[in-house]
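Descriptive structure summary
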Amino acid sequence: MKIAIGNDHVAIDMKNEIKLYLENKGYEVINVGTDSTERFNYPVSGFKVGKMVAENKADLGILICGTGVGIGLAANKVHGIRCVTCSDPYTAKLSKEHNNTNILSFGARVIGIETAKMIVDEWLNAKFEGGRHQNRIDMLKEIEETQNLSE
Ligand code: RB5
């Protein structure tokens, strides 16, 4: 499984720790975030990871900025991306089971590294349940593609 990872200047340490954590578990991790402490605009990494996932160059994506919000918003602007920004393992798990999220984002200024690892584990180990949830995802796609919803 290939995971694209991206970050801004406030999340370099957490990005590196999560990357190593995942590599030690056997995941291939592609780093497209910044490794410099110079100010860096989070939409750049959010967009890069979003595009990689949308174009199947990565299976899933992980994004980290100060809050996880800006970088997650950027990813969600890419068609086909469902990015969850969260600070707890329960939301991470359910976001995969029900919403089939393909990118996870969180904030290096919001949670500690152990919580981040727990969130990542729950999210990666969860499986999309399909069924009635697929119908709702189809509705999200309709909104994205047509800016309309037939219900
Ligand atoms: C950078 O100062 C900060 O705005 C960014 O890391 C992130 O929290 C934005 O959502």
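Structure first, text after, so check above.
Predicted model only: the values in this text are computed from it and were never measured. (Residues numbered from 1 in each chain as written. Predicted model: local features only at pLDDT ≥ 70, side-chain atom pairs only at ≥ 80, totals over all residues. Heavy atoms only, no water.)

Let us look at the side chain of Asp8. Inspection of the secondary structure assignment puts Asp8 in the loop between strand E1 (2–7) and helix H1 (12–24). The side chain of Asp8 is buried and forms no salt bridge, while Arg109, the nearest opposite charge, is found at 6.7 Å. In terms of polar contacts, Asp8 uses its side chain to reach the backbone amide nitrogen of Val10, at 3.1 Å. (Helix = DSSP H or I, 4+ residues; strand = E, 2+ residues; numbered from the N terminus. Buried < 20%, exposed > 50% of the residue type's maximum accessible area, 1.4 Å probe, protein only. Lys, Arg positive; Asp, Glu negative; His and termini not counted. Salt bridge = Lys/Arg side-chain N within 4 Å of Asp/Glu carboxyl O. Polar contact = N/O pair within 3.5 Å; in protein donor to acceptor, adjacent residues only side chain to side chain.)

Across all of its chains, the model carries 0 aromatic pairs by this definition. The ring of Trp123 has Lys96 sitting right over it, with the charged end atom 4.9 Å from the ring centre. (Phe/Tyr/Trp six-rings, centres within 6.5 Å; stacked < 30°, edge-to-face > 60°. Lys NZ or Arg CZ within 6 Å of the ring centre and 35° of its normal.)

Tracing the backbone through its elements, the reader meets Val49 in helix H2 (residues 42–54). Between the C-alpha atom of Val49 and that of Met1, which follows or precedes it by 48 residues, the distance is 15 Å.

Okay, the site of the ligand next. Around the ligand lies a shell formed by Asp8, Val10, Tyr42, Cys65, Gly66, Thr67, Gly70 and Arg109. Within the side chain of Asp8, an N or O atom sits 2.5 Å from an oxygen atom of the ligand. In the model, an oxygen atom of the ligand is placed 2.7 Å from a nitrogen or oxygen of the Gly66 main chain. For the ligand, whose free accessible area comes to 290 Å², the fraction covered by protein is 71%. Each residue belonging to the shell around the ligand can be placed in one class, and the counts come to 3 nonpolar, 3 polar and 2 charged. (Near = heavy atom within 4 Å. Areas by Shrake-Rupley, 256 points an atom, 1.4 Å probe, with all protein chains shown as cover. Nonpolar A, V, L, I, M, F, W, Y, C, P; charged D, E, K, R; others polar.)

Right, let's talk about unusual backbone geometry for a bit. The backbone of Asn100 sits at a positive phi, close to 45 degrees, despite the residue not being glycine. Locating Asn100 in the fold gives a position in the loop between helix H4 (89–97) and strand E5 (103–107).

On to the pattern of salt bridges. As enumerated under the stated definition, the model contains 8 salt bridges in all. For the salt bridge of Glu145 with Lys141, the shortest nitrogen-to-oxygen distance reads 3.5 Å. In this pair, Glu145 and Lys141 both sit in helix H6 (residues 132–146), 4 residues apart, roughly one turn of the helix. A relative accessible area of 45% places Lys141 in the partly exposed class. A single salt-bridge network, built from bridges that share partners, covers Lys51, Glu55 and Lys57.

Another aspect to go through is H1. Taking 1.5 Å per residue, 13 residues should reach 18 Å; H1 reaches 18 Å between its end C-alpha atoms and fits that length. For H1, the full list of buried residues reads Ile12, Met14, Lys15, Ile18, Tyr21 and Leu22. For H1, the secondary structure elements touched by its buried residues are E1, strand E2 (28–31), strand E3 (60–65), E5 and helix H5 (113–125). One or two steps after H1, the chain reaches Gly26, where phi turns positive at roughly 100 degrees. (Expected span 1.5 Å × (residues − 1). Contact = heavy atoms within 4.5 Å.)

A separate point is the sheet that holds strand E4 (residues 83–85). Across the sheet, which stays open at both edges, the 5 strands sit in the order E2-E1-E3-E5-E4 with parallel pairing between neighbours. Only two strands of the sheet have a single neighbouring strand rather than two, namely E2 and E4. In this sheet, neighbouring strand axes are inclined to one another by 20 degrees on average, regardless of whether the strands run parallel or antiparallel. As paired elements, E3 and E5 share 5 bridges and run parallel to each other. Looking across to E5, one finds that Ile62 is bridged to Leu104. (Pairing = 2+ DSSP bridges. Axes fitted to C-alpha atoms, helices over the stretch in contact; angles between N-to-C directions.)

The values are spatial; any link to function lies outside them.
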